[in-house]
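Observations on chain architecture
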Amino acid sequence: MERGPTGHQGNIVRHAEFPQWGRGYVIRAKRASTDVFFHWGGKRRVDAGAPLEPSRTSGVEAELFLLCASIPAGSWSRGHHSVYAIELDHVVWKNRVFRERNPGGAPRGCLYIGVTGLTPEERFERHRAGTQSGRFVRAHGLALRLDLVEGFSRLPYRIAACMEPKLAAWLRAHGFGVWQN
């Protein structure tokens, strides 16, 4: 099945069945599938029959997709950086600096957000061992929360680094207390 104009590389699209993913940049279109980087859904492989709709973008989102366009399609497939989330013990909330960074509170829990070129599991183990470890993760890290950053793995470094603060802000807006460097 051939892709229509919506599925061409460089187009901005929305997935009709997953609007929560936001708009997406078409990285690569093949006969059977299309690779798309969605603003809030991360990198996804979408079947050829999936309902992708053309979309427009502006502002900060347009800047993100301009960055996406500056990265060759091959770099996306070789990307090995991930945005990861680590659940922190709520005791971290007693720290004044953590509270100041999260004025909305932390009703849904506390997190650390980072970017790594290792697997998130390897990076978490390094945090726990005290190697290149953030103070809050070393003292209060409980578990990886990859469910919160699904789709944000195997990315080119520039995309992962761009998305780290965006995801931290998004998680704060959704009730998490977040520490991100």
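Just so it is clear, the model here is predicted, and its values are computed rather than measured. (Residues numbered from 1 in each chain as written. Predicted model: local features only at pLDDT ≥ 70, side-chain atom pairs only at ≥ 80, totals over all residues. Heavy atoms only, no water.)

Here we come to the layout of surface pockets. Taken as a whole, the largest pocket holds about 200 Å³ of empty space. Residue classes in the lining of the largest pocket are distributed as 7 nonpolar, 2 polar and 3 charged. (1 Å grid on protein atoms, 1.4 Å probe; cavity = no way out; pocket = protein on both sides within 12 Å on 5 of 7 lines; lining within 4 Å. Points joined across faces, edges and corners; volume = space filled by probe spheres on them. Nonpolar A, V, L, I, M, F, W, Y, C, P; charged D, E, K, R; others polar.)

Let's shift gears to the confidence of the model for the protein chain. Put simply, the protein chain has an average pLDDT of 92, and 96% of its residues get 70 or more. Predicted confidence is poor over residues 1-5, with pLDDT under 50, and the contacts of this stretch with residues over four places away or in other chains come to 15 contacts. (pLDDT = per-residue confidence, 0-100. Contact = heavy atoms within 4.5 Å.)

The subject of this paragraph is the sheet that holds strand β7 (residues 110-116). Reading across from one edge, β8-β6-β7-β9 is the order of the 4 strands in this open sheet, with mixed pairing throughout. If you trace the sheet from one side to the other, it starts and ends with β8 (141-144) and β9 (177-180), each paired once. Each strand of the sheet is rotated relative to its neighbour by a mean of 35 degrees, with strand direction disregarded. Bridging between strand β6 (residues 82-88) and β7 involves 7 bridges; their strand directions are antiparallel. When the sheet's bridge partners are listed, Ile 86 is paired in β7 with Tyr 112. Where helix α6 (residues 157-173) meets the sheet, its contacts fall on β6, β7 and β9, and the angle it forms with β7 comes to roughly 170 degrees. (Pairing = 2+ DSSP bridges. Helix = DSSP H or I, 4+ residues; strand = E, 2+ residues; numbered from the N terminus. Axes fitted to C-alpha atoms, helices over the stretch in contact; angles between N-to-C directions.)

The next thing to look at is the nonpolar core. Judged by nonpolar contacts, the single largest core of 26 residues is most densely connected at Phe 37, Cys 68, Trp 76, Val 83, Ile 159 and Met 163. Residue assignment for this core shows that the elements contributing at least two residues are β2 (23-29), α1 (59-69), α2 (73-78), β6, β7 and α6. Setting aside chain neighbours within four positions, we find Met 163 in contact with Phe 37, His 39, Trp 40, Leu 64, Val 83 and Phe 152. Within the second largest apolar cluster, 12 residues are counted, among which are Ile 86, Val 92, Ala 106 and Val 137. (Core = buried A, V, L, I, M, F, W, Y, C linked by side-chain atoms within 4.5 Å. Buried < 20%, exposed > 50% of the residue type's maximum accessible area, 1.4 Å probe, protein only.)

Here β6 lies mainly inside the structure; 6 of its 7 residues are buried. Bridge count for β6 against β8 is 3 bridges, and the pairing is antiparallel. Considered in β8, the bridge of Ile 86 is made with Leu 144.

Of note, His 81 is situated in the loop between α2 and β6. Classification of His 81 as buried rests on a relative accessible area of 15%.

Right, let's talk about the packing of aromatic side chains for a bit. Applying the stated rule across the entire model yields 10 aromatic pairs. Ring centres of Phe 18 and Trp 21 lie 4.4 Å apart, and the angle between their planes is 10 degrees; this geometry places the pair in the stacked category. Its relative accessible area of 12% is what places Trp 21 among the buried residues. Each ring, one from Phe 37 and one from Phe 152, has its centre 6.0 Å from the other, and the planes form 85 degrees; the classification is edge-to-face. In this pair, Phe 37 is assigned in strand β3 (residues 33-38) and Phe 152 in the loop between β8 and α6, connecting sequence segments 115 residues apart. Of the two residues, Phe 37 and Phe 152, neither departs from the other in class, the shared state being buried. Ring-pair connections join several aromatic residues into one group, and the members of that group are Trp 93, Phe 98, Phe 136 and Trp 179. A cation sits over an aromatic face here: Arg 101 above Trp 179, 3.7 Å from the ring centre. (Phe/Tyr/Trp six-rings, centres within 6.5 Å; stacked < 30°, edge-to-face > 60°. Lys NZ or Arg CZ within 6 Å of the ring centre and 35° of its normal.)

Let us now look at the sheet that holds β3. Taken in spatial order, the 5 strands line up as β4-β3-β2-β1-β5 in an open sheet, and their pairing is antiparallel. Only two strands of the sheet have a single partner each, and these edge strands are β4 (42-47) and β5 (52-54). In this sheet, neighbouring strand axes are inclined to one another by 45 degrees on average, regardless of whether the strands run parallel or antiparallel. In this sheet, β4 lies alongside β3 in antiparallel orientation, the contact comprising 6 bridges. Following the sheet pairing, Val 36 is matched in β4 by Arg 44. This element, α1, spans β1 (12-15), β2 and β3 of the sheet and lies at about 10 degrees to β2.

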